Amino acid sequence: MNRKSSLLKSGISLSVLTLVSRVLGLIREMTKSAFLGTGPLADAFTVAFMIPNLLRRIFAENSMTVAFIPTFQTYLEEEKRNTPDAKASMKEFLSATFTMLSFAVTGTVIIGILCSGLIIAVFFPKIGDFSATVLLTRIMFPYLLLISVAAFFQGILNGVRSFLPTGITPILFNLSVIGCTFVLAKPCGNPALAMAIGVVIGGSCQMLFQLPFVLRAGFSFKLIPFRRCVQNAGARKILKLIVPTLIGTAVYQINDLVSTALATYSGVGVAASLQYSIRLQELILGIFAVSVGTVILPDLSAHAVNKQWEVFQKLLLNAAKIIALVTVPATIFLLCSGEHVIILVYKSRRFTDESVRLTLQAFQWHIAGLFFIALNRILTSAFYAQSDTKRPTIAGIACFGINIVLAAALAGFMQGGGIALALTAASVVNTGLLLYFLTKSDSMIDVRTLLVSAIGFTVKILLFSLIAAAPLYFFGARLYDPLAAYPRIIAQGLPLFISAALFALIILTLLLITGDSLLKTAVQKIRQR
């Protein structure tokens, strides 16, 4: 099976689960919007969940995964070559990594619980409900430990191309939060407290569900003395890789922290509206962008280890094309229909017309950066596969400065829209820096050829998307007006479905007429299945 077909097949398989997870994540936000709206308690939960979630991205998803998988790949290659003591070396490496991660995160959780009041007072002095924010932060801090261990398991399973378990775990998390909110909101007397309990239960499910799959795959580990951790060559390599990555990831997350703090200064509900907007953006990213990035990292790492740069470049190009094929049409469609999407998804109970206005204000600028955010995930994987964490870190630091300056300048008169615009502008700069650094890497990648092909395909998709959007822009209101008196699911959902179907049909027709190779590959894979 050629690499393009393999990538597409793996991407489609994982994307089905990721799409289900993102839809449930959206339902989770719909639940939150119905119970909390954009009031003070909504801001309290947003901030409280953001803090352990921010640290999760530092310890787990980004730093831990990108440093772990390339190193883990070298141990797998040794096992394939039947190197003496390969299995023992693998067990020692996994034990050392597990021990270091557990101690580091446990210490952070303890400090975080004890210092929650100080953290909120320093970073969010204008938060509407201070005591509720502190309480929710303390309840949800243990989620950091649970999800960090789950990310360690995910790194192992992804390294051996086992994506199914890791695709299911976010589904379990979202179901836990949604279920706890409905079941416990009344007994707790506080829906935010019920959601916080659901977060901890969901993190436990994510960790425990993956463990049997890791053991079944033949891997074992345990807590070992810290001295052995430091002496382990693989663990030392992870530390070497993870330090610059921690810096870059920490910069990005501090970016998020400062942006949220600025949102709390911009008015009640702005912080919550930003999260509602980002959840819609992440739904689109989850359809393919995250999945493609997850799928290609182990393969890119293997090609980099074996110096197969031509295959490496083709894989990277195909991933970039898939990203453009998904995100560019999605961006154009949502710019035309964003308000209707927000009304359909969120408007109920405590989510008022003002909540719609605040969320749309941010969403229009968030969605404008969708393509660049998705592409950055793919480009970053190309560096991590080569064990190069320094260049993405430099790019991240530069973009941090741009984002903070712009957010501080724009938040005052654009509120959440200014903060979202700052993020999009920084993402565009980040893409440019990553492409520039790729030309300076030690690999034998022909960046110019890669760039010309990717830009040509992206421009084509953009042109097709604009053609498909023309009927919606000029005649879209005629779909909504006759149904205005009906319930929201019909008044907004039916016209949106018709609009999306027409939009997609026009693009698919144009792709077929032009004989697009990526579409042909997708059709062949669907027929084979």
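This report concerns the structure included in the present document. (Residues numbered from 1 in each chain as written. Predicted model: local features only at pLDDT ≥ 70, side-chain atom pairs only at ≥ 80, totals over all residues. Heavy atoms only, no water.)

### Section: the overall build of the chain
At step 1: Counting its regular elements, the chain contains 23 helices and zero strands.
At step 2: Taking all 529 residues of the chain together, 57% fall into the buried category.
At step 3: Within the chain, contacts between residues separated by at least 24 positions form 84% of all contacts whose residues are at least 6 apart in sequence. (Helix = DSSP H or I, 4+ residues; strand = E, 2+ residues; numbered from the N terminus. Buried < 20%, exposed > 50% of the residue type's maximum accessible area, 1.4 Å probe, protein only. Contact = heavy atoms within 4.5 Å.)

### A few points about the side chain of Thr46
At step 1: Residue placement: Thr46 occurs in helix H2 (residues 40–61).
At step 2: If sequence neighbours within four positions are ignored, Thr46 has contacts with Lys32, Ala271, Ala272 and Gln275.

### Observations regarding the pattern of salt bridges
A side chain with one charge may pair with a side chain of the opposite charge, provided their charged atoms come close.
At step 1: According to the stated counting rule, one finds four salt bridges in the structure shown.
At step 2: Where Arg28 meets Glu29, a salt bridge forms, and the shortest distance between an N and an O atom there is 3.7 Å.
At step 3: We classify Arg28 as buried; its relative accessible area is 7%.
At step 4: A relative accessible area of 6% means that Glu29 is categorised as buried.
At step 5: For Arg357, the salt bridge goes to Glu354, with nearest N and O atoms at 2.7 Å. On the criterion of helical spacing, the pair formed by Arg357 and Glu354 is a turn pair, its members being three residues apart in helix H15 (residues 353–368). (Salt bridge = Lys/Arg side-chain N within 4 Å of Asp/Glu carboxyl O.)

### Here we look at the packing of helix H6 (residues 130–140) against helix H9 (residues 191–216)
The angle between the axes and the distance between the axes are what describe a pair of packed helices.
At step 1: Closest axis-to-axis distance for the H6/H9 pair is 9 Å, and the angle between their directions is 15 degrees. As summarised for this structure, H6 and H9 are arranged roughly parallel, according to the angle between their axes. In this structure, the crossing between H6 and H9 has a hand that is right-handed. Facing Leu136, Ile139 and Met140 of H6, the residues of H9 in contact are Ala192, Leu193, Ala196, Ile197, Val199 and Val200.
At step 2: Across the contact of H6 with H9, the residue classes tally to nine nonpolar, no polar and no charged. (Axes fitted to C-alpha atoms, helices over the stretch in contact; angles between N-to-C directions. Parallel < 35°, antiparallel > 145°, perpendicular 65-115°, else oblique. Left-handed = near helix turned anticlockwise from the far one by under 90°. Nonpolar A, V, L, I, M, F, W, Y, C, P; charged D, E, K, R; others polar.)

### Concerning the side chain of Thr71
At step 1: Following the sequence through the fold, Thr71 ends up in helix H3 (residues 63–80).
At step 2: Judged by its relative accessible area of 1%, Thr71 falls in the buried class.

### Thoughts on the nonpolar core
One broad rule of soluble globular proteins: the nonpolar side chains tend to lie buried together.
At step 1: Residues Phe45, Phe68, Phe72, Leu94, Phe124 and Phe152 are the most contacted members of the largest nonpolar core, which totals 125 residues.
At step 2: Examining the composition of this core, we find that 18 residues originate from one element, helix H14 (residues 309–346), more than from any other.
At step 3: In contact with Phe124, not counting residues within four places along its chain, are Val47, Met50, Ile51, Ile119, Leu257, Thr260, Ala261 and Thr264.
At step 4: Counting nine residues, the second largest nonpolar core, distinct from the first, contains Ala271, Ala411, Ile419 and Ala420. (Core = buried A, V, L, I, M, F, W, Y, C linked by side-chain atoms within 4.5 Å.)

### A look at the packing of aromatic side chains
At step 1: For the structure on display, the rule yields 23 aromatic pairs.
At step 2: With a centroid separation of 5.4 Å and 85 degrees between ring planes, the pair formed by Phe152 and Phe221 is classed as edge-to-face. Here Phe221 lies in the loop between H9 and helix H10 (226–231) and Phe152 lies in helix H7 (residues 143–159), a separation of 69 residues in the sequence. Considered together, Phe152 and Phe221 belong to a single accessibility category, that of buried residues.
At step 3: Ring geometry for Phe209 and Phe213: centres 5.3 Å apart, planes at 45 degrees, overall tilted. In this pair, Phe209 and Phe213 both sit in helix H9, four residues apart, roughly one turn of the helix.
At step 4: Among the aromatic residues, those joined into a cluster by ring pairs are Phe68, Phe72, Tyr75, Phe93, Phe98, Phe152, Phe153, Phe219 and Phe221.
At step 5: A cation sits over an aromatic face here: Lys32 above Tyr276, 5.1 Å from the ring centre.
At step 6: Stacked on the ring of Phe213, the Lys or Arg Arg216 has its end atom at 5.4 Å from the ring centre. (Phe/Tyr/Trp six-rings, centres within 6.5 Å; stacked < 30°, edge-to-face > 60°. Lys NZ or Arg CZ within 6 Å of the ring centre and 35° of its normal.)

### Remarks on helix H17 (residues 390–414)
At step 1: Across its 25 residues, H17 extends 34 Å between first and last C-alpha, which sits within 8% of the 36 Å expected from 1.5 Å per residue.
At step 2: Considering bend angle alone, the principal kink of H17 is centred on Ala408 and spans about 30 degrees.
At step 3: Within the sequence span of H17, burial applies to Pro392, Thr393, Ala395, Gly396, Cys399, Asn403, Ile404, Ala407, Leu410, Ala411 and Met414.
At step 4: Just downstream of H17, Gln415 is the residue with a positive phi angle, here 50 degrees. (Expected span 1.5 Å × (residues − 1). Bend = angle between axes of the 7 residues up to and from the residue.)

### Section: the environment of Met207
At step 1: Looking at the secondary structure, you find Met207 in helix H9.
At step 2: Note: C-alpha distance between Met207 and Phe152 (55 residues apart in sequence) is 9.1 Å.
At step 3: Setting aside anything within four residues of it in sequence, one finds Met207 in contact with Leu146, Val149, Ala150 and Phe153.

### Focus: the environment of Ser277
At step 1: Position of Ser277 among the secondary structure elements: in helix H12 (residues 270–287).
At step 2: Residue Ser277 is classed as buried on the basis of its relative accessible area of 0%.
At step 3: Discounting chain neighbours no more than four positions away, the residues touching Ser277 are Thr359, Ala362, Phe363 and His366.

### Brief notes about the packing of helix H5 (residues 116–123) against H6
At step 1: For the pair H5 and H6, interaxial distance at closest approach is 9 Å and the crossing angle is 130 degrees. It follows that H5 is oblique to H6 by the angle criterion. As H5 packs across H6, the resulting crossing turns out to be right-handed. Along its contact with H5, which presents Ser116, Gly117, Ile120 and Ala121, the element H6 presents Phe130, Thr133, Val134, Thr137 and Arg138.
At step 2: For the contact of H5 with H6, the class distribution of residues is four nonpolar, four polar and one charged.

### Quick look at a nonpolar patch on the surface
At step 1: Together, Tyr486, Ile489, Ile490, Leu494, Phe497 and Ile498 make up an exposed nonpolar region whose accessible area comes to about 610 Å².
At step 2: For the nonpolar patch, the secondary structure elements donating two or more residues are helix H21 (488–491) and helix H22 (493–513).
At step 3: Among the elements that take part in the nonpolar patch, H22 stands out by supplying three residues, more than any other.
At step 4: As for its position among the elements, Phe497 is in helix H22. (Patch = residues over 30% accessible without salt bridge, like charges linked within 9 Å, V, L, I, M, F, W, Y side chains within 5 Å. Areas by Shrake-Rupley, 256 points an atom, 1.4 Å probe, with all protein chains shown as cover.)

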